[in-house]
Amino acid sequence: MDNTLPPADELVLVDRELAQLDTRRSQLLARRAWLIQVLYPPVAAAAPLRPRPPVADSTPRSAQNVLLTLGGTLLTIAAVAFTLVSWGSMGLGARATVLAVVTGAALAAPVALLRRGLVSTAEAVAALGLVLMVLDAYALHRVALPETDGLGYTAVASAVLAAAWTAYGSALSRLRIPLPVAVAAAQLPLPLGVLAAGGGSTAFAWAALLTATADAAVVLWTRPVAVRITAGAAATALGGWALLTGGWLSLVSPWSGAPLLLAGAAVTLYGAWRVPAFAVAASAVAGLAALTAVGGLLRSALPADWAVPGYVLCALALASVWRLGGGAAAGDGVPGPGGNGSAAAGGAASRGAGSDTAVLPPRGIRLGLAGAGAGVAALGLVWALPPVAAGLLGPVARTTDVWSGEHAARALTSFPATAVLVLAVALAALATLPRLWARYDTLVLAWALLTALPVSFELPYAATLALQLFTTAAALWIAVRPGPLTRGLRAVTAPAGHPGAPGTDTPDPHAAPREAGATTPEAPAAASAPTAAGPAAPPVPGPGTPWAAWAPSRPRAQAPAVEPGTALGWTAYVGGLASAVSAVALALDVRGATFAALGVVLALLAGVAVLGTDARRVVSACGAVLAATGLVFAVAATAGFEDHWTALALLLVPAATAGLGSRAPRPVALAVEITGGAVGVLALGIAASRPAFLALALALSGVIAAATAVRPERRRFASWTAAVLFLLATWVRLAVWDVTTPEAYALPVTVPALAVGFLRRRRDPEASSWTAYGPGLAVTLLPSLLAAWTDPEWARPLALGVAALVVTLLGARFRLQALLVLGGAVLALDGLHELAPYVVQAVGALPRWLPPALAGLLLLAVGATYEQRLRDARRLRERLARMR
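What counts, and at which threshold
- Residues numbered from 1 in each chain as written.
- Predicted model: local features only at pLDDT ≥ 70, side-chain atom pairs only at ≥ 80, totals over all residues.
- Heavy atoms only, no water.
- Helix = DSSP H or I, 4+ residues; strand = E, 2+ residues; numbered from the N terminus.
- Buried < 20%, exposed > 50% of the residue type's maximum accessible area, 1.4 Å probe, protein only.
- Contact = heavy atoms within 4.5 Å.
- Areas by Shrake-Rupley, 256 points an atom, 1.4 Å probe, with all protein chains shown as cover.
- Axes fitted to C-alpha atoms, helices over the stretch in contact; angles between N-to-C directions.
- Parallel < 35°, antiparallel > 145°, perpendicular 65-115°, else oblique.
- Left-handed = near helix turned anticlockwise from the far one by under 90°.
- Nonpolar A, V, L, I, M, F, W, Y, C, P; charged D, E, K, R; others polar.
- Core = buried A, V, L, I, M, F, W, Y, C linked by side-chain atoms within 4.5 Å.
- Phe/Tyr/Trp six-rings, centres within 6.5 Å; stacked < 30°, edge-to-face > 60°.
- Lys NZ or Arg CZ within 6 Å of the ring centre and 35° of its normal.
- Expected span 1.5 Å × (residues − 1).
- Arc of directions from axis to C-beta.
- Patch = residues over 30% accessible without salt bridge, like charges linked within 9 Å, V, L, I, M, F, W, Y side chains within 5 Å.
- Salt bridge = Lys/Arg side-chain N within 4 Å of Asp/Glu carboxyl O.
- Polar contact = N/O pair within 3.5 Å; in protein donor to acceptor, adjacent residues only side chain to side chain.

> In this structure, what is going on with the overall build of the chain? I would like to understand it.
What the chain contains, in helices and strands, is 35 helices and zero strands. Residues classed as buried in the chain amount to 34% of the 884 residues present. Once local pairs closer than 6 in sequence are excluded, the contacts in the chain between residues at least 24 apart make up 69%. Put simply, the chain shows about 51,200 Å² of open surface, and 70% of that area lies on carbon and sulfur atoms.

Right, here's the structure in full:
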């Protein structure tokens, strides 16, 4: 049958295929162009290279400045020397004439120099003129007013000079030196005038504050940058001195320091309002000053124990400024990429809302004031921590015997009981904030408050123990059910890329379905327009983009790593464990209290292990095992058991954990069994003092391990552990019976074990030699090796060496790893035991310098062939690994 198309039909088909290929090629070329534009944005063409002129050692401008500076400095030195040295050799008229002529010339010369455009030269000469004016003032005091008080004259002279330099700098506005120098001179009149009038530290601080206020006015209402910088530095220095003085006065004389601090706070707060760039820092300083003032007044009116609570109350009141006008609302969040636009918009909205709306403080001021209040409150909380530490760690540092009925002396008996008030007030303040960090702090403070109550109120022993157990129970319950702490938290806006977030491509599940490829009219333009955050985004798939399936999706933000409930639960869990340890340590004073505390802790941790999640279940299960171990110890001590009987009783713990491990989830089961195994090792260590009981304990441990080996997931490890424990129990029992020939008991076990292993290998050639022959060989070789090391005769070491050599050769011949390793190790140790006396004698006969020399040569040889030795070691390891 002929299926060939007619030529006309075939031509139509070929044209259609070629058209599709052209369309596809156009799509791919457009896609390639867009990808290149995204990956490699266009760069402006570099300017053509031009030959660079030779670089001079110094530019003309810098050389001119250096020369003018040196010239002005030399003239200043000459003027000072003339005034101080040659002044006395001239008459009064000559002196006045010289000073007037030189100073006038120095101040008038910059006028002519500026007209000719010599600005740098004018600056240098003007600086000389300013120095000469200072020398004129000094000379006037020395000649005309020698009896005048130095401080008073300096204050008046500095004021006159500041006014003169201000007028001079205003007249010659192109000079940059006079006005900053005038500002610097204006810092002296008020402070020096106060000192001249005999004012104390308070008056001097007020003078410094007034001067700093004037400096702040200069900063706010002048334009020259140099003047503003000079005035700002002076205002910071003098204002800081005034505030520090006010802080010192608030300690020694609160009613004198409070007005000074409040005035300084008002000035600083006004500056923060006018200069938004420094609003946070300046308002924080103002807040600290106000807290120091008000707190000092309260401290003087209240008893000494209430001083810190007074400061904390004031601090919390100041921190609440942040919530004015919804300060905790979303509008006060961290500004996004747009900077402070949202805050500015909020401020503008509040100002334009009408006369009925109160003007709120800017966000920066509220943040600074709240930060100051929070910082002082944090210091108050640090002051209140010693009772918490004493309540938690006091029972651990025992000074009495266990179950003696005596209680350790109370710590911090003289510490103010108002510490718990500080914790309670801070707790109440934080509990009102719907923020996650506030919930963390609330949880921690609640735990700290309950821990500090027994120390601060000196509660009796029973009440203290009951409160600690209650704290443990409450914390562990919150760790299991943290839901109540997460209620009322403000919903966080979904991050970019999450469903419902702005700018995501995820459709609304409740919206009407759209046709495939449909898009909004503005979507392509919005998607392809460049943004400030990065390069242009790819076009949205649609009719205008032929590569709808190829367009990359927008990046999606990752979800938070830790959920609020999980983090709060872990915080409560750590506090609960700490309280549990402290309660158990405190309960050791009384026998009944010990049983009660261990029982309660065991029940609580078991509940967390059943109801909890993540790693808290594992840790709680391990803690429950330890609590059960403590109960076993307590029961044994109450019954008067000796140590070896206590060891046997402790084996109940690993037996119970082995039974629980078969039903618990895998992570919890593994942790519980490991903890039970550790308790079993402790029991064996306690029983080691009585070998007969040690053998019994080893045998019982082997039974527990054998029972655990019934489970498929524990069979490999538990079976080997059971075999080792039974073997150790046998050896210890033989040692108790004073058996000096262990081979008589070991060989009857070794022969059938090797026979069984041979049959196993014959049936399954892939079986490991360790499984087939390892137990049988170890039963004889290891006890014989221990006996050979203590045997003074030569027969047993020789027989053991021959047997080990045979086993090693068989392992090498048949490539059996167990035979090679066990035989080689026993042969090496047996040979070392036999050769050790002769080696010691040989080394003693050699010169003392020879062993270090030989060791050095050995190290050199190993170092020279280090790579070869590594290759040999790897080759040996690979050969051993290939053995069965």
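The discussion continues.
> How should unusual backbone geometry be read in this particular structure?
The backbone of W403 sits at a positive phi, close to 60 degrees, despite the residue not being glycine. The topology assignment puts W403 in the loop between α15 (385–393) and α16 (419–431). For W403, a relative accessible area of 22% translates into the label partly exposed.

> Would you explain the packing of helix α5 (residues 150–171) against helix α6 (residues 178–185) in this entry?
Each pair of packed helices gets described by two things: the angle between the helix axes and the distance between those axes. Interaxial distance between α5 and α6 falls to 8 Å at its minimum, and their mutual angle equals 160 degrees. Judged by the angle between their axes, α5 and α6 are roughly antiparallel. Where α5 crosses over α6, the two elements pack in a sense that is left-handed. Contacts between α5 and α6 involve S158, A162, W165, T166, Y168, G169 and S170 from the former and P178, L179, V181, A182 and A185 from the latter. Here the contact of α5 with α6 is composed, by residue class, of eight nonpolar, four polar and no charged.

> Explain the nonpolar core here, please?
The nonpolar side chains of a soluble globular protein tend to be buried with one another. In terms of nonpolar packing, the biggest core is built from 26 residues, with A697 and L698 touching the most fellow members. Of all the secondary structure elements, the ones that give two or more residues to this core are α23 (614–639), α24 (643–650), α26 (666–687), α27 (691–708) and α28 (715–736). Setting aside residues up to four positions removed in sequence, A697 forms contacts with L648, L651, L684 and A687. Among the nonpolar cores identified, the runner-up in size contains 20 residues, and V480, A572, A593 and A627 belong to it.

> Looking at this structure, how should I read the packing of aromatic side chains?
For any two aromatic rings, the description comes down to two numbers: the centre-to-centre distance and the angle of the planes. Summed over all chains, the structure comprises five aromatic pairs. Considering the side-chain rings of W645 and F693, the 5.0 Å spacing of their centres and the 70 degrees angle between planes classify their relative orientation as edge-to-face. A residue pair is termed long-range when its members are at least 10 positions apart, and W645 in helix α24 and F693 in helix α27 qualify at 48 residues. Given the relative accessible area of 15%, F693 is considered buried. A cation over an aromatic ring shows up here: R366 above the ring of W322, its NZ or CZ 5.2 Å from the ring centre.

> Just to check I follow, could you spell out the environment of L747 for this structure?
Its location among the elements puts L747 in helix α29 (residues 743–763). The exposure class assigned to L747 is partly exposed, which follows from its relative accessible area of 43%. The residues touching L747, leaving out its near neighbours within four places in the chain, are P752 and T780.

> Help me out: how do you make sense of helix α11 (residues 279–301) in this one?
Every α-helical turn comprises 3.6 residues, leaving residues that sit three or four positions apart pointing alike. A rise of 1.5 Å per residue sets the reference length of α11, with its 23 residues, at 33 Å; its end C-alpha atoms lie 33 Å apart and thus fit the reference within 8%. Burial in α11 covers these residues: A279, A282, S283, A286, G287, A289, L291, A293, G295 and G296.

> Please explain helix α25 (residues 652–661) as it appears in this structure.
For α25, the set of buried residues is V653, P654, T657, A658 and G661. One side of α25 carries all its buried residues, which in axial view fall inside an arc of 135 degrees. Seen from the buried face of α25, the exposed residues on the opposite side, beyond 90 degrees, are L652 and L660. Check the buried side of α25 and you find it contacts α23, α24, α26 and α27.

> Looking at this structure, I do not really get a nonpolar patch on the surface. What am I missing?
A contiguous nonpolar patch, built from L262, V294, L298, L302, W306 and L421 and spanning about 460 Å² of accessible area, is present on the exposed surface. Take L298: its relative accessible area is 32%, and that puts it in the partly exposed class.

> For this particular structure, what's the right way to read the pattern of salt bridges?
Side-chain pairs of opposite charge can arise whenever the charged atoms involved come near each other. Following the criterion strictly, the structure yields seven salt bridges and no others. As a salt-bridge pair, R711 and E713 come within 3.1 Å of each other at their nearest N and O atoms.

> Could you clarify how one ought to interpret the side chain of T471 in this entry?
Position of T471 relative to the elements: it lies in helix α18 (residues 461–480). What makes T471 buried here is its relative accessible area of 4%. Only 2.8 Å separates the side chain of T471 from the backbone oxygen of L467, close enough to count as a polar contact. Residues in contact with T471, not counting those within four places in the same chain, are W447, L450 and S579.

> Please explain the packing of α23 against α24 as it appears in this structure.
Put simply, α23 and α24 touch, their axes get as near as 10 Å, and they point 145 degrees apart. Here α23 and α24 pass one another in a crossing that is right-handed. In this structure, α23 uses T629, V632, F633 and A636 to contact α24, whose residues at the interface are T646, A649 and L650. Within the contact of α23 with α24, the residues separate by chemical class into five nonpolar, two polar and no charged.

> Could you clarify how one ought to interpret the side chain of T750 in this entry?
Relative to the elements of secondary structure, T750 occurs in helix α29. On the basis of relative accessible area, T750 is assigned to the buried category, the value being 6%.

> Which parts of the structure should I look at to understand the environment of A706?
Secondary-structure assignment places A706 in helix α27. Looking at A706, the relative accessible area reads 32%, which means it is partly exposed. Taking C-alpha positions, A706 is 9.8 Å from L725, a pair spaced 19 residues apart along the chain. Beyond its immediate chain neighbours, meaning those up to four positions away, A706 contacts A722 and F726.

As far as function goes, none of this settles anything; it's purely spatial.
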